[in-house]
Amino acid sequence: MASQGSVTTARQRVARQHKHPVNQLFHDEATVGERVADKAASGIGSWWFLAIQSVMIAVWIAVNSVEFFTHKWDIYPFILLNLAFTIQAAFTGPVLLLSGNRQAQKDRLRLEHTAEVAESADKATLEILSEIERNTEATLKVLEHLKKRRAAKGGAQA
Amino acid sequence: MAQPSTQAPVSLGADDKARVVHRLRRVHRAPATDHKHPVNQAHYEDSTFGERLADRAAAVIGSWPFIISQTALMVLWVYVNVWAIFIQHWDPYPFIFLNLVLSFQATYAGPIVLLAGNRQSQKDRITLEHAADESDKGEQHITKILIEIKKNTELTLQILRELEAEGG
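Not measured: the values here are computed from a predicted model.

(A) Summary view of the overall build of chain B. A tally of helices and strands in chain B yields 5 helices and 0 strands. Going from the N terminus to the C terminus, chain B shows its helices and strands as α-α-α-α-α. Taking all 168 residues of chain B together, the buried fraction comes to 28%. Long-range contacts, defined as pairs at least 24 residues apart, comprise 41% of the intrachain contacts of chain B with a sequence gap of at least 6. Looking at chain B as shown, the accessible area adds up to about 11,400 Å², and 66% of this sits on carbon and sulfur atoms.

So this is what it looks like as structure tokens:
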């Protein structure tokens, strides 16, 4: 399908190649803080992060509970691991809001852009309508003109 | 006789695009004022006290100053409770009270995230309703245009018949 192909090429577009003004402002002109926020959100919200976190938790629990390992720093009930979880959660919340705020800002910008475009599209539609009305009027006049001419001709013949 | 149209057609030319981007850039960096889209106006300018508070909370917690201060406070807490000499250690290793404080933060951050998400989904709902209204309006315009063109075609056909009658 043609539309599918165009979505694929749109997906491949990266920074500074965006076509839509909202993407240009939002991604291409993002500040350093905004770029880091995007990176943080996409880093935490990825399967890599989840997988690495799971492996680290498994290693932590294994080392601290299995007899074989001699160096133990956080035995049952894993109070330091609890703190690590809490720290992760304490940072995930703000980062979630950070990325949510950014998305809300984009939504706001997109609607503003829609309003701008809709306004001129509305004007164009109304102009098309009035142009066609003018055309109809002109055609009507041509028709009347022809009718009058035929009537005059018919009268002359009669 | 109808004069040929001398006005330029209304469509987004290069100048208009530049103007739109300029305005968007201004709105982008100075939020919450002067919105053009009715959904933005309803969402930001006509929001209730509770909604404004939710937006403020989300904006404060979801900001770099908050994240940086939290990090600094955490590092300071751990440093003081491990290495400080002249201050009493109120929460020694493994920092159980720090755990409680951070859990407290996370307990509130979760609901605030949902508060912000709910507000966003409400906005999405209004956006779609507004889009449906707008598309109704657009459809009306198109129907009008179609009727007008049909009328025009009818007249043109009549002219054709007149001309054929004249020629024949």
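(B) The packing of aromatic side chains, seen in detail. A full pass over the atoms with the stated rule returns 8 aromatic pairs over all chains. Measuring from centroid to centroid gives 6.2 Å for Tyr76(A) and Phe78(A), while their planes differ by 80 degrees, and the two rings are edge-to-face. Tyr76(A) sits in the exposed class, given a relative accessible area of 68%. Plain terms: the ring middles of Tyr93(B) and Phe95(B) are 5.9 Å apart, the flat faces sit at 80 degrees to each other, and that makes the pair edge-to-face. Clustering of aromatic rings is evident, with ring pairs tying together Trp77(B), Trp90(B) and Phe97(B). The positively charged end of Arg102(A) is found above the aromatic ring belonging to Phe26(A), 4.0 Å away from the centroid. Above the face of the Tyr44(B) ring, Arg108(A) is positioned so that its terminal group lies 5.8 Å from the ring centre.

(C) Region of interest: the interface of chain A and chain B. Taken residue by residue, the interface counts 66 residues in chain A and 71 residues in chain B. Taken together, both faces of the contact between chain A and chain B bury some 6,000 Å²; the carbon and sulfur share is 65%. The tally of links between chain A and chain B comes to 5 salt bridges. Across the pair Lys36(B) and Glu116(A) runs a salt bridge whose closest N-O atoms are separated by 3.4 Å. Along the contact surface separating chain A from chain B lie 22 residue pairs in polar contact (both at pLDDT 80 or more). Elements represented by at least two residues in the side of chain A that touches chain B include exactly helix 2 (21–28), helix 3 (32–44) and helix 5 (79–157) of chain A. Looking at which element gives the most residues to the side of chain A that touches chain B, the answer is helix 5 of chain A, with 54 residues. Partitioned by chemical class, the residues of the side of chain A that touches chain B number 34 nonpolar, 14 polar and 18 charged.

(D) Up close: a nonpolar patch on the surface. Residue and element names in this part refer to chain B. A cluster of nonpolar side chains, namely Ile85, Phe86, Ile87, Trp90, Phe97, Leu100 and Val101, defines an oily patch on the protein surface of about 820 Å² accessible area. Looking at the secondary structure, you find valine 101 in helix 5 (residues 96–167). On the basis of relative accessibility, which here comes to 34%, the residue valine 101 falls in the partly exposed class.

(E) A look at unusual backbone geometry. Cis geometry is adopted by the peptide bond preceding Pro77(A), which originates at Tyr76(A) and carries an omega value of 5 degrees. Structurally, Pro77(A) can be placed in the loop between helix 4 (47–65) and helix 5. That bond from Tyr93(B) to Pro94(B) is cis: its omega, 5 degrees, falls within 30 degrees of zero. Here Pro94(B) lies in the loop between helix 4 (64–83) and helix 5. Although it is not a glycine, Phe78(A) adopts a positive phi angle of roughly 55 degrees. Structurally, Phe78(A) can be placed in the loop between helix 4 and helix 5. For Phe95(B), which is not glycine, the phi dihedral falls at a positive 55 degrees. Looking at the secondary structure, you find Phe95(B) in the loop between helix 4 and helix 5.

(F) A look at the packing of helix 3 (residues 49–61) of chain B against helix 5 of chain B. Residues and elements named next belong to chain B. Across the interface, helix 3 lies against helix 5 with an axial gap of 9 Å and an inter-helix angle of 120 degrees. One way to sum up the angle between helix 3 and helix 5 is to call them oblique. As for how helix 3 packs across helix 5, the hand of that crossing is left-handed. Only Ile112, Leu115, Ala116, Arg119 and Gln122 of helix 5 make contact with helix 3, whose side of the interface consists of Glu51, Ala54, Asp55, Ala57, Ala58 and Ile61. Per-class residue counts for the contact of helix 3 with helix 5 are 7 nonpolar, 1 polar and 3 charged.

(G) Quick look at helix 1 (residues 14–29) of chain B. Residues and elements named next belong to chain B. Across its 16 residues, helix 1 extends 23 Å between first and last C-alpha, which sits within 8% of the 22 Å expected from 1.5 Å per residue. Taken together, the buried positions of helix 1 are Val20, Val21, Arg23, Leu24, Val27 and His28. The buried side chains of helix 1 occupy one side of the element, clustering within an arc of 165 degrees when seen end-on. With respect to the buried face of helix 1, the exposed residues turned more than 90 degrees away are Ala14, Asp15 and His22.

Conventions adopted
- Residues numbered from 1 in each chain as written.
- Chains lettered and ligands numbered in written order.
- Predicted model: local features only at pLDDT ≥ 70, side-chain atom pairs only at ≥ 80, totals over all residues.
- Heavy atoms only, no water.
- Helix = DSSP H or I, 4+ residues; strand = E, 2+ residues; numbered from the N terminus.
- Buried < 20%, exposed > 50% of the residue type's maximum accessible area, 1.4 Å probe, protein only.
- Contact = heavy atoms within 4.5 Å.
- Areas by Shrake-Rupley, 256 points an atom, 1.4 Å probe, with all protein chains shown as cover.
- Phe/Tyr/Trp six-rings, centres within 6.5 Å; stacked < 30°, edge-to-face > 60°.
- Lys NZ or Arg CZ within 6 Å of the ring centre and 35° of its normal.
- Buried area = accessible area lost by both parts, 1.4 Å probe.
- Salt bridge = Lys/Arg side-chain N within 4 Å of Asp/Glu carboxyl O.
- Polar contact = N/O pair within 3.5 Å; in protein donor to acceptor, adjacent residues only side chain to side chain.
- Nonpolar A, V, L, I, M, F, W, Y, C, P; charged D, E, K, R; others polar.
- Patch = residues over 30% accessible without salt bridge, like charges linked within 9 Å, V, L, I, M, F, W, Y side chains within 5 Å.
- Axes fitted to C-alpha atoms, helices over the stretch in contact; angles between N-to-C directions.
- Parallel < 35°, antiparallel > 145°, perpendicular 65-115°, else oblique.
- Left-handed = near helix turned anticlockwise from the far one by under 90°.
- Expected span 1.5 Å × (residues − 1).
- Arc of directions from axis to C-beta.

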